[in-house]
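Spelled out from the first residue to the last, the chains are:
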Amino acid sequence: MKPVIKTVSIKRVFKSGGENVYALNDVSISVMPGTFVALRGRSGSGKTTLMNILGALDRPTEGQVFFEGTEIGELPESQRDELRRRKLGFVFQASALIPLMSAYENVEFSLRIAGVPAAQRRKRAEEVLALVGLSKRMKHRPMEMSGGEQQRVAIARAMAHNPSVILADEPTAQLDSRMGLQIMKLFRDLVDKEGITIVMATHDPIIMEVADHVYTLEDGKVVDEQEQRSKAL
Ligand SMILES: Nc1ncnc2c1ncn2[C@@H]1O[C@H](COP(=O)(O)OP(=O)(O)OP(=O)(O)O)[C@@H](O)[C@H]1O
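Looking at an unreviewed UniProt entry, one finds the protein named ABC transporter related protein, with Mahella australiensis as its source organism.

Engineer: When you look at the site of the ligand in this model, what are you seeing that I'm missing?
Structural biologist: The environment of the ligand is formed by Phe14, Ser16, Val21, Ala23, Gly41, Ser43, Gly44, Ser45, Gly46, Lys47, Thr48 and Thr49. Sorting the residues of the shell around the ligand by element identifies strand E1 (5-16), strand E2 (19-27) and helix H1 (47-54) as the ones contributing at least two each. Ranked by the residues each element gives to the shell around the ligand, the list is headed by H1, at 3 residues. When the residues that make up the shell around the ligand are grouped by side-chain class, the tally is 3 nonpolar, 8 polar and 1 charged.

Engineer: How should I be thinking about the packing of helix H3 (residues 103-113) against helix H5 (residues 147-159) in this particular structure?
Structural biologist: To characterise two packed helices, one gives the angle between the axes of the helices and the distance between these axes. Viewed as axis vectors pointing N to C, H3 and H5 meet at an angle of 25 degrees, and their least axial separation amounts to 9 Å. By the angle between their axes, H3 is roughly parallel relative to H5. Crossing angle aside, the handedness with which H3 passes H5 is right-handed. Here Ala103, Asn106, Val107 and Ser110 of H3 lie close against H5, whose contacting residues are Val153, Ala156 and Arg157. Here the contact of H3 with H5 is composed, by residue class, of 4 nonpolar, 2 polar and 1 charged.

Engineer: How do you make sense of the nonpolar core when you look at a structure like this?
Structural biologist: Grouped burial of nonpolar side chains is what soluble globular proteins tend to show. Counting residues in each nonpolar core, the largest one holds 58 residues, and the members touching the most others are Val107, Val128, Ala156, Ile166, Ile198 and Val199. Looking at this core, the element that brings in the most residues is H5, giving 6 residues. If sequence neighbours within four positions are ignored, Val128 has contacts with Val107, Ala156, Met159 and Ala160.

Engineer: Is there a simple way to explain helix H6 (residues 177-194) in this structure?
Structural biologist: Quick reminder: α-helices carry 3.6 residues per turn. Residues three or four places apart thus point the same way. The end-to-end C-alpha distance of H6 is 25 Å, a good match for the 26 Å that 18 residues give at a rise of 1.5 Å each. Along H6, the residues that are buried comprise Gly180, Ile183, Met184, Phe187, Arg188, Leu190 and Val191. Across the axial projection of H6, the buried residues extend over an arc of 160 degrees, all falling on one side. Turned more than 90 degrees away from the buried face of H6 sit Arg178 and Lys193, all of them exposed. Looking at the buried side of H6, the elements it contacts are strand E4 (36-40), helix H4 (118-131), H5, strand E9 (198-202) and helix H7 (207-210). Two residues or fewer after H6 comes Gly195, characterised by a positive phi angle close to 70 degrees.

Cut-offs used in this document
- Residues numbered from 1 in each chain as written.
- Predicted model: local features only at pLDDT ≥ 70, side-chain atom pairs only at ≥ 80, totals over all residues.
- Near = placed C-beta within 6 Å.
- Helix = DSSP H or I, 4+ residues; strand = E, 2+ residues; numbered from the N terminus.
- Nonpolar A, V, L, I, M, F, W, Y, C, P; charged D, E, K, R; others polar.
- Axes fitted to C-alpha atoms, helices over the stretch in contact; angles between N-to-C directions.
- Parallel < 35°, antiparallel > 145°, perpendicular 65-115°, else oblique.
- Left-handed = near helix turned anticlockwise from the far one by under 90°.
- Contact = placed C-beta atoms within 7 Å.
- Core = buried A, V, L, I, M, F, W, Y, C linked by C-beta atoms within 7 Å.
- Buried ≥ 20, exposed ≤ 12 C-beta atoms within 10 Å, placed from the backbone.
- Expected span 1.5 Å × (residues − 1).
- Arc of directions from axis to C-beta.

Structure (structure tokens):
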């Protein structure tokens, strides 16, 4: 099997006060389809910088990024835009839901933006909300839901258009540990049952228990790489 995303010796250098800051320094990772990959590391280790590059939101200073076999670092912005819209789903720290819309409307709206015909939107929105365990809460607005439920809606929204990969940058950072664990278990379930591919950045050590593959970053470098057999929690 070939990786969905692969980076080869990427560096990302920022200029800060006349100095070069190596946010990423020679990072090579592979994300295989149907796996749950975690990027672990302390604040400032380079996780967000790497996520932004994987998500075609930023480009490396050096090195290559392959998405489904195509080098994307040199692609024009219009094609990278298309890649983001069609092939990627994003989940952020805060769920960024539209406050006046219900859970269902938030997901349906994202499908409308993705150009999915009206006839298919309803079925798909209901389907993904069921997958994240929110069938009974579809009519609720974000304010009427817990933080964990709001993140579930954000996950449903990120996967609704059937992306190749979901990129989740610290999706549990604003949740208590119980809800954080539930979100990680949900990701585990989605990978196992739906065959989706997830890359998640986190500093939560519990990730070691749920992810298939964990890359540990320190000062912009991969300092450890572990292949796991997922354990039931
Ligand atoms: N735009 C920028 N300009 C200058 N330095 C930056 C920029 N973005 C990131 N950095 C630096 O690069 C390093 C990695 O930052 P990054 O945000 O990727 O880390 P992180 O692991 O995601 O941290 P956190 O968990 O706090 O988000 C840090 O030293 C940071 O200060």
